[in-house]
Amino acid sequence: MKLCMIGTGYVGLVSGVCFADLGNDVICVDKDLKKIDSLKKGNIPIYEPGLTELVIKNFKNKRLKFSNNLKKSIKDSDIIFVCVGTPTKKGGSSADLSQIYQVAKEISLSINKFKIIVTKSTVPVTTGDEIEKILLKRNNKNKFAVISNPEFLREGEAIRDFTYPDRIVVGANDKKSNRIMNTLYTPLISKGAQYINTSRKAAELIKYASNAFLATKITFINEIANLCEKTGIDVEDISIGMGLDKRIGGRFLRAGPAYGGSCFPKDTKAITSTADKFKTDLSVIKSVIKSNKNRSNLLLGRVFKILKNKIRNKRITFLGVTFKANTDDMRDSSSLSMIPALVKKGAKIKYYDPTGFKKEFSKTKNVSYIDNIKDSVKGSDLVIIHTEWNDFKSINFRNLVKGKKFIIYDMRNIYSPSKIINQGFKYYCIGK
Ligand code: UDX
């Protein structure tokens, strides 16, 4: 099939290249000329394992194209995927849909034959109705269908998640576009993916409800971890004990720092804001947002306690600063609030991250990037394992430092406390 992905951000690029790999002709469009030029040269703007290879492969075999000519790309395609950003509105909590509506206006000018317009971007319930209204201003009803097909890709696992999805959700109000979408996804369905067809509005809400539920699950175990710390219980026993109940499931029950990333913080806010608009109080999700916001302060409080409230001139190392492993994404990472707060108290911060220097800290005084683990921990008073990169999972701390030993605060529960303590280090973790 001939597909057009509008927006070559995370969602558009990953989905586009994966669709091309399944044998479709895909044009990825972006108004950012520089980005398009560099994509054509095989330079990928995001860090995602396996993505570069897949882009180069499909670009070479000509199934994947890059363009900044939106009109032509729309005219040449049968299915148009809208993959532009829906960030939180400045100073508010609802989703900013200006890019979506702008794209809808542009699509409305280029409909030359029947098109399926798919929102892959995460959009609040009823956005599809609004897009339809925009398209109807210039086009006949039988010339297009607007459907919702949310993505559930995790950063760092995106290609795997695309290829082996738990489910494919298509919110289509008409049979014809549902049939076409089902055909598009047949290679994944035949490998076992569940395909469900819902109303357009239901698909829009499934995405938000799923992310809000996962955020709730993480926040729940984070709060249980707080209780475990007070009562001398290992939160990992609780996660296993709860997770074995099939109704609960063991995934997303790892206690750690506040959840972050490009989706959970933004989507939990947006769903509560949508519900407020419809005069419905999503009080559980509101509590999750509050609890998660408080989590970084809570962990910081623990850092102060570990350092006996003497933070001035303490040398603190962060191992990992991204919101999770296998991504270079810093959006809403808890390190963004923790590091400046420690600096404010007089700490001197060094950080190492496998994805390198972060511009987010370039203007923060007393924060320096070190390009290897060994030098980053040298001379430290406290080492905080902030992100669960594989690189940090089998460090032999005893061999790494000669002489003075630092304290370790393992915010991802990577290590077994007794092993680290036996090496002569003071060790703290989460929920134990
Ligand atoms: C998420 C959803 O999983 C994905 O389906 C959606 O499309 C986009 O948002 P992503 O933001 O890439 O994906 O990351 P995810 O792996 O879900 O982790 C989100 C946050 O939760 C991270 O900060 C992570 O560290 C945290 N997390 C996750 C935990 O603290 N504990 C867990 O058990 C799982």
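Residues numbered from 1 in each chain as written. Predicted model: local features only at pLDDT ≥ 70, side-chain atom pairs only at ≥ 80, totals over all residues. Heavy atoms only, no water.

Caption draft 1: Spatial organisation of the nonpolar core. With 39 residues, the main nonpolar core has Phe19, Phe81 and Met181 as its most contacted residues. In terms of residue count, the dominant contributor to this core is helix H1 (residues 10–21) (eight residues). Filtering out sequence-adjacent residues up to four positions away, phenylalanine 19 remains in contact with Leu3, Met5, Asn24, Val26, Phe81, Lys120, Phe162, Leu184 and Tyr185. In this structure, Leu300, Ile316, Ala347 and Ile407 belong to the second largest nonpolar core, which totals 33 residues. (Core = buried A, V, L, I, M, F, W, Y, C linked by side-chain atoms within 4.5 Å. Buried < 20%, exposed > 50% of the residue type's maximum accessible area, 1.4 Å probe, protein only. Helix = DSSP H or I, 4+ residues; strand = E, 2+ residues; numbered from the N terminus. Contact = heavy atoms within 4.5 Å.)

Caption draft 2: Broad picture of the domain arrangement of the protein chain. Its domain assignment divides the protein chain into domain 1 (2–198) and domain 2 (200–432). On a C-alpha basis, the centroid separation for the pair domain 1 and domain 2 is 32 Å. Every contact between the two is made by 37 residues of domain 1 and, on the other side, 29 residues of domain 2. Between domain 1 and domain 2, the buried area comes to about 2,700 Å², and carbon and sulfur atoms account for 52% of it. Among the residues of domain 1 in contact with domain 2, Tyr47, Val125 and Glu155 are the three that bury the most area, contributing 26% of the side total. Where domain 1 meets domain 2, there are four salt bridges. Across the contact surface, domain 1 and domain 2 share 15 residue pairs in polar contact (both at pLDDT 80 or more). Secondary-structure elements contributing two or more residues to the side of domain 1 that touches domain 2 are helix H6 (127–136), strand E6 (144–148), strand E7 (167–171) and strand E8 (194–198). Among the residues making up the side of domain 1 that touches domain 2, the classes are represented as 16 nonpolar, 13 polar and eight charged. (Domains from an automatic or database assignment. Buried area = accessible area lost by both parts, 1.4 Å probe. Salt bridge = Lys/Arg side-chain N within 4 Å of Asp/Glu carboxyl O. Polar contact = N/O pair within 3.5 Å; in protein donor to acceptor, adjacent residues only side chain to side chain. Nonpolar A, V, L, I, M, F, W, Y, C, P; charged D, E, K, R; others polar.)

Caption draft 3: Spatial organisation of the environment of tyrosine 47. Topologically, tyrosine 47 is positioned in the loop between helix H2 (33–40) and helix H3 (51–60). Note: C-alpha distance between tyrosine 47 and arginine 167 (120 residues apart in sequence) is 25 Å. Residues in contact with tyrosine 47, not counting those within four places in the same chain, are Asn326, Thr327, Asp328, Thr355 and Trp389.

Caption draft 4: Quick look at the site of the ligand. In the vicinity of the ligand there are 18 residues, among which Glu155, Arg254, Gly260, Cys263 and Lys324 approach most closely. Side-chain polar atom of lysine 207 to an oxygen atom of the ligand: 3.3 Å apart, as the coordinates give it. Taken by itself the ligand offers 660 Å² of open surface, and the protein chains cover 95% of this. Per-element accounting of the shell around the ligand gives the leading share, three residues, to helix H10 (residues 200–231). By residue class, the composition of the shell around the ligand is nine nonpolar, two polar and seven charged. (Near = heavy atom within 4 Å. Areas by Shrake-Rupley, 256 points an atom, 1.4 Å probe, with all protein chains shown as cover.)

Caption draft 5: Region of interest: the side chain of serine 177. For serine 177, the position within the fold is in helix H8 (residues 175–184). Residue contacts for serine 177: discarding those within four places in its chain leaves Ile116, Ala145, Ile147 and Ala172.

Caption draft 6: Summary view of the pattern of salt bridges. Summed over the entire model, instances satisfying the criterion amount to 25 salt bridges. A salt bridge links aspartate 21 to lysine 57; its shortest N-O distance comes to 2.8 Å. Of this pair, aspartate 21 sits in helix H1 while lysine 57 sits in helix H3; the two residues are 36 residues apart in sequence, bridging distant segments of the chain. Take aspartate 21: its relative accessible area is 28%, and that puts it in the partly exposed class.

Caption draft 7: How the structure looks around the packing of aromatic side chains. One pass over the structure, following the stated rule, counts 15 aromatic pairs. Taken together, a centroid distance of 5.0 Å and an interplanar angle of 90 degrees make the contact between phenylalanine 19 and phenylalanine 162 edge-to-face. Of this pair, phenylalanine 19 sits in helix H1 while phenylalanine 162 sits in helix H7 (residues 158–163), and the two are 143 residues apart along the sequence. Between phenylalanine 397 and phenylalanine 425, the aromatic rings sit 5.9 Å apart at their centres with planes inclined by 65 degrees, giving edge-to-face as the arrangement. Within this pair, whereas phenylalanine 397 is found in helix H16 (residues 397–400), its partner phenylalanine 425 is found in the loop between helix H17 (417–422) and strand E14 (426–429), the two being separated by 28 residues in sequence. For phenylalanine 425, a relative accessible area of 3% corresponds to the buried category. One aromatic cluster is present, formed by Phe19, Phe81, Phe162 and Tyr185 through successive ring pairs. Here the basic side chain of arginine 167 rests over the ring of phenylalanine 152, its NZ or CZ set 3.6 Å away from the ring centre. (Phe/Tyr/Trp six-rings, centres within 6.5 Å; stacked < 30°, edge-to-face > 60°. Lys NZ or Arg CZ within 6 Å of the ring centre and 35° of its normal.)

Caption draft 8: Inspection of the pairing of E14 at higher detail. Only one face of E14 is covered, namely the face carrying Tyr427 and Cys429; the face carrying Lys426 and Tyr428 is uncovered. Looking at chain direction, strand E13 (residues 407–410) and E14 are connected through four bridges and run parallel. For tyrosine 409, the partnering residue across the bridge sits in E14 and is tyrosine 428. This β-α-β element, E13 to H17 to E14, shows right-handed connectivity. (Pairing = 2+ DSSP bridges. Right-handed = clockwise from strand over helix to strand, strands pointing away.)

Caption draft 9: Geometry of the sheet that holds strand E10 (residues 348–352). The strand order across the open sheet built from six strands is E11-E10-E9-E12-E13-E14, with neighbouring strands paired in parallel fashion. Edge positions in the sheet fall to strand E11 (367–369) and E14, since each has one partner strand and no second. Strand-to-strand twist across the sheet, computed as the mean angle between neighbouring axes with direction ignored, equals 20 degrees. Relative to E11, E10 runs parallel, the two sharing three bridges. (Axes fitted to C-alpha atoms, helices over the stretch in contact; angles between N-to-C directions.)

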